[in-house]
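Analysis of the macromolecular model
Listed below are the residues making up each chain.
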Amino acid sequence: MKIKYIFIALILFVLPSAASFAQEKTATALPDISFIGEAGLNSSINAAGDRDASFSFDGFEINAMGYMHPDVRADFVAGAHSHDGSIEFEVEEAYATFSNLPFSTSIKAGRKLMDFGRINHIHSHEWLFLSSPLIYADFIGEHSLIGDGASIDALLPLSFFVNVQAGIWRAAAHEHEEGEEHDHAFSPSGDLYNLRLWSSFETGESSELELGLSGLKGHGLHYLEHTDRIEIAGTDLTWKLWLSAYSRLMLMAEAMYLERQVPSGTFGSWGAYAYLGYKIDKQWEAAVKYDWSETPGPERSKSSAISIIDSYYMTESLKLRAEYSYCPETETHTGLLKVIYGIGPHTHPLQ
Amino acid sequence: MEKIWMAFLMVLVPLSLIADQLKVVCTTAEIADIVKNVGGDRVNAIWLMDGRQDPHSVEPRPSMVMKVKNADAVAVIGMDLDIWMDGIIRASKNPVVQKGAPGYIDLSSRIKKLEVPQGKVDGSMGDVHIYGNPHYQLDPANGVVMAESIKEALSALRPNDAVLFRANCTLYVRNLEAKIAGWKKRMAALKDISVLPTHNCWLYFVEAFGLKSAGYLEQKPGIAPSPGELAALAEKMKKDGTGLIFAEPFYPSGSVDKISAMTGAKTVRIPSSALGVPEADTYINLFEYDIGAIEKALK
């Protein structure tokens, strides 16, 4: 509820103030503020002929960023997301970055998207696809993994790019109501330790290969009730070839192995996805994605999906994306059409 | 034995010079060219993008981070044109090149800026840069201002070489000013010809050489024209007698070809940044190539 009031305060006081200052061309100490929204159409049909089609408002984010010291920056991301038909408010990220520390290190402290895997640290509206890769949905959960804690990252003193990041986090556990049955959704929870190594090599004047290794150790969602320990190891590869000013070929692949220890035993699950995208020109991008994953835990099931994705970038802050997916196990066809829009200052982060 | 010592020295002296060179990472090829001219052999300048790329759409790469990590200075166009450099600089964790540090050289700081918006700016106006039109390098007189800024920044970083930087800068500016006089003379013959640039990046060029402009193909910066806008523009071009369209080599041909077909105006593909074509390999050769291509198109 408090978060709702923070939102209202932001909208009522901070933003109009920022706008009026901007109009008066007065020097300000206000942070950079931007909004990002997402809405669209979802439709699906399965083998039994069950159809579902709906318009969805998927939510929006408010981002604020500013420096408190030449070497200390604050980032704040609050989101309102549609969840089972209702809008939920949450602070997705609120952290400070302490830069320019000895040995090319920096420290981030607060709440943030954990630097795990190739895409967990990237906000989903900046992904190259609409639906979460199955390994992320099965191993990480319905939403990206967010933790409260701190991380340190270092750029290693080598002739090529190697960035190492290690963090200690706490993620919310699932608390059972009396009489509630365990659901099968899974997500790492409690005290979590993560490590990510991200390296990159130039493979030509216009191409670059990125390799990543990720590790996560901690608990599963139900660790408060019973033993639920997990370890996840992942590896990823991204190869980009820039063909002209606007066209680019991109191959991205990621695999993960999760080992989960619960009272009924220790279970290992694999999952992977591969994405091949071609940015045709300044505005159009076409891609295919193949997903395969095993759900973690005793009731293991396998699922896969093939997706075709088409994106149209109207401007830097407005894009339309269509995605068609087919899941052979359930014989389900899914269609998504989204508009992703933003206002306010935009950035070009390295990610 | 003497020969061995001589050979040893011949290798050692150039190596020591290289080791002592200031490493400057520039966002564009023309900045790197001016840095090389001012810095001489005391500077090793590299660039991250050239004229084959759209400066608005550069994708930051990890390899760029390594170049900035090992740099003594970075030189940027500024005014948010090379905003993609901000993330690279932050990721490099190199304290000497962060914004505000002596190794961060923003070449826009002393430029007389055009099209600085007043009041509120938003997407309804297209891709408007809030600090003004950032394509100032296309007025060669701004090359003089850029060279002076580079001289001062390098001198602050290496006071012992300040005399050399001053001498190199004077020589370069003298050469550039002589070229400018020649280019203006050549372009004076084209003063009555109306041109249509694709994007407002050509504003500084049009102003510098006193050309007549029928506006821009993009009615709002960064936004492709609608069929209605194209039709209205074609009418205006016919009325003004616009005979030439300026387009960068990477600019999508769709609307350029359409307006050319509607009006009969010739299209000349000219780079707005060095190395957009191999012949435009320096800042001076960028203007040599562009002006030569315009003259050729009008023959």
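Residues numbered from 1 in each chain as written. Chains lettered and ligands numbered in written order. Predicted model: local features only at pLDDT ≥ 70, side-chain atom pairs only at ≥ 80, totals over all residues. Heavy atoms only, no water.

A count of helical and extended segments in chain B gives 10 helices and eight strands. The C-alpha radius of gyration of chain B comes to 21 Å, within 12% of the 19 Å expected for a compact globule of 299 residues. On the principal axes, the C-alpha backbone points of chain B span a range of 80 × 40 × 30 Å. Residue burial in chain B is summarised as follows: out of 299 residues, 53% are buried. Intrachain contacts of chain B at a sequence separation of at least 6 include 63% that bridge at least 24 residues. Entry remark: accessible area of chain B is about 13000 Å², with carbon and sulfur atoms responsible for 58%. (Helix = DSSP H or I, 4+ residues; strand = E, 2+ residues; numbered from the N terminus. Rg over C-alpha atoms; globule rule 2.2 N^0.38 Å. Buried < 20%, exposed > 50% of the residue type's maximum accessible area, 1.4 Å probe, protein only. Contact = heavy atoms within 4.5 Å. Areas by Shrake-Rupley, 256 points an atom, 1.4 Å probe, with all protein chains shown as cover.)

Our focus in this paragraph is the pairing of strand β7 (residues 161-171) of chain A. All names here are of chain A. Of the pairings in the sheet, the one linking strand β6 (residues 146-155) to β7 comprises eight bridges and is antiparallel in character. In the strand pairing of β7, I152 is matched with A166. Here β6 folds back onto β7 in antiparallel fashion, the turn holding five residues. Pairing of β7 with strand β8 (residues 189-204), which is carried by 11 bridges, proceeds in the antiparallel orientation. Bridging across to β8, N163 finds its partner in W198. (Pairing = 2+ DSSP bridges.)

Our focus in this paragraph is the packing of aromatic side chains. Both the distance between ring centres and the angle between the ring planes are used here to describe each pair of aromatic rings. All names here are of chain B. By the definition in use, this model includes 17 aromatic pairs over all chains. For the ring pair W202 and F246, a centre distance of 5.7 Å and an interplane angle of 65 degrees mean the geometry is edge-to-face. Here F246 lies in strand β7 (residues 242-247) and W202 lies in the loop between β5 (194-197) and α7 (203-208), a separation of 44 residues in the sequence. Note on accessibility: W202 and F246 belong to one class, buried. Judged by centre distance (6.4 Å) and plane angle (5 degrees), the rings of F205 and F287 are stacked. (Phe/Tyr/Trp six-rings, centres within 6.5 Å; stacked < 30°, edge-to-face > 60°.)

Turning to the environment of A:I146, a few remarks are in order. All names here are of chain A. Residue placement: I146 occurs in strand β6. I146 sits 34 residues away from K112 along the chain, and the two C-alpha atoms are 5.5 Å apart. Apart from the residues within four sequence positions on either side, I146 is in contact with E92, R111, K112, L113, M114 and A171.

Below, the discussion takes up the packing of helix α2 (residues 29-39) of chain B against helix α5 (residues 140-157) of chain B. Residues and elements named next belong to chain B. The interhelical angle for the contact between α2 and α5, taken along N-to-C directions, is 55 degrees, at an axis separation of 9 Å. Regarding the angle of α2 to α5, the classification is oblique. Note on packing geometry: the crossing formed by α2 with α5 is right-handed. Side by side, α2 and α5 meet where I31, I34, V35, V38 and G39 of the first sit next to G143, M146, A147, I150, K151 and L154 of the second. For the contact of α2 with α5, the residue count by class is eight nonpolar, two polar and one charged. (Axes fitted to C-alpha atoms, helices over the stretch in contact; angles between N-to-C directions. Parallel < 35°, antiparallel > 145°, perpendicular 65-115°, else oblique. Left-handed = near helix turned anticlockwise from the far one by under 90°. Nonpolar A, V, L, I, M, F, W, Y, C, P; charged D, E, K, R; others polar.)

Once that is clear, we can look at the confidence of the model for chain B. Averaged over every residue, the pLDDT of chain B is 92; residues scoring 70 or more account for 94%. In the predicted complex, the global pTM is 0.88; the interface-specific ipTM is 0.85. (pLDDT = per-residue confidence, 0-100.)

Below, the discussion takes up the packing of α5(B) against helix α6 (residues 162-188) of chain B. Residue and element names in this part refer to chain B. Contact geometry of α5 with α6 gives a least axis separation of 9 Å together with a crossing angle of 175 degrees. Classified by the interaxial angle, the pair formed by α5 and α6 is roughly antiparallel. Between α5 and α6, the contacting residues are P140, A141, G143, V144, A147, E148, K151, L154 and S155 on the first element and A162, F165, R166, C169, Y172, V173, L176, E177, I180 and W183 on the second. Looking at the contact of α5 with α6, its residues break down into 13 nonpolar, two polar and four charged.

Looking now at the interface of chain B and chain A. Opposite the 34 residues of chain B that make contact, chain A presents 37 residues. Here chain B and chain A share an interface that buries about 2900 Å² over both sides, 54% of which is from carbon and sulfur atoms. On the chain B side of the interface with chain A, the three residues burying the most area are B:R61, B:P62 and B:K93, jointly 24% of the side's total. Taken together, chain B and chain A are joined by five salt bridges. With its nearest N and O atoms 2.6 Å apart, the salt bridge here joins B:K93 to A:D153. One can count seven residue pairs in polar contact (both at pLDDT 80 or more) joining chain B with chain A. Those elements giving two or more residues to the side of chain B that touches chain A turn out to be α3 (62-69) and α4 (84-92) of chain B. The element contributing the most residues to the side of chain B that touches chain A is α3(B), with six residues. Residues of the side of chain B that touches chain A, tallied by class, amount to 13 nonpolar, 11 polar and 10 charged. (Buried area = accessible area lost by both parts, 1.4 Å probe. Salt bridge = Lys/Arg side-chain N within 4 Å of Asp/Glu carboxyl O. Polar contact = N/O pair within 3.5 Å; in protein donor to acceptor, adjacent residues only side chain to side chain.)

It is worth spelling out the pattern of salt bridges at this point. Counted according to the given criterion, the structure contains 28 salt bridges over all chains. B:K67 is paired through a salt bridge with A:E202; the nearest N and O atoms lie 3.6 Å apart. Of this pair, B:K67 sits in helix α3 while A:E202 is found in strand β8, placing the two residues in two different chains. According to the relative accessible area criterion, A:E202 is partly exposed, its value standing at 45%. Between B:R52 and A:E205 there is a salt bridge whose closest N-O contact spans 2.8 Å. Of this pair, B:R52 sits in the loop between β2 (43-49) and α3 while A:E205 sits in the loop between β8 and β9 (207-219), which puts the two residues in different chains. Note on A:E205: relative accessible area 60%, which makes it exposed.

Time to look at the nonpolar core. Formed by 58 residues in total, the largest nonpolar core has its most connected members in B:V24, B:F205, B:F209, B:L211, B:F246 and B:I294. Per-domain counts for this core show at least three residues from each of domain 1 (16-110 + 118-181) and domain 2 (189-298) of chain B. Dropping the residues within four chain positions of it, B:L211 is found in contact with B:M187, B:L190, B:V195, B:F205, B:V206 and B:F246. Within the second largest apolar cluster, 27 residues are counted, among which are A:I119, A:F129, A:L145 and A:M252. (Core = buried A, V, L, I, M, F, W, Y, C linked by side-chain atoms within 4.5 Å. Domains from an automatic or database assignment.)

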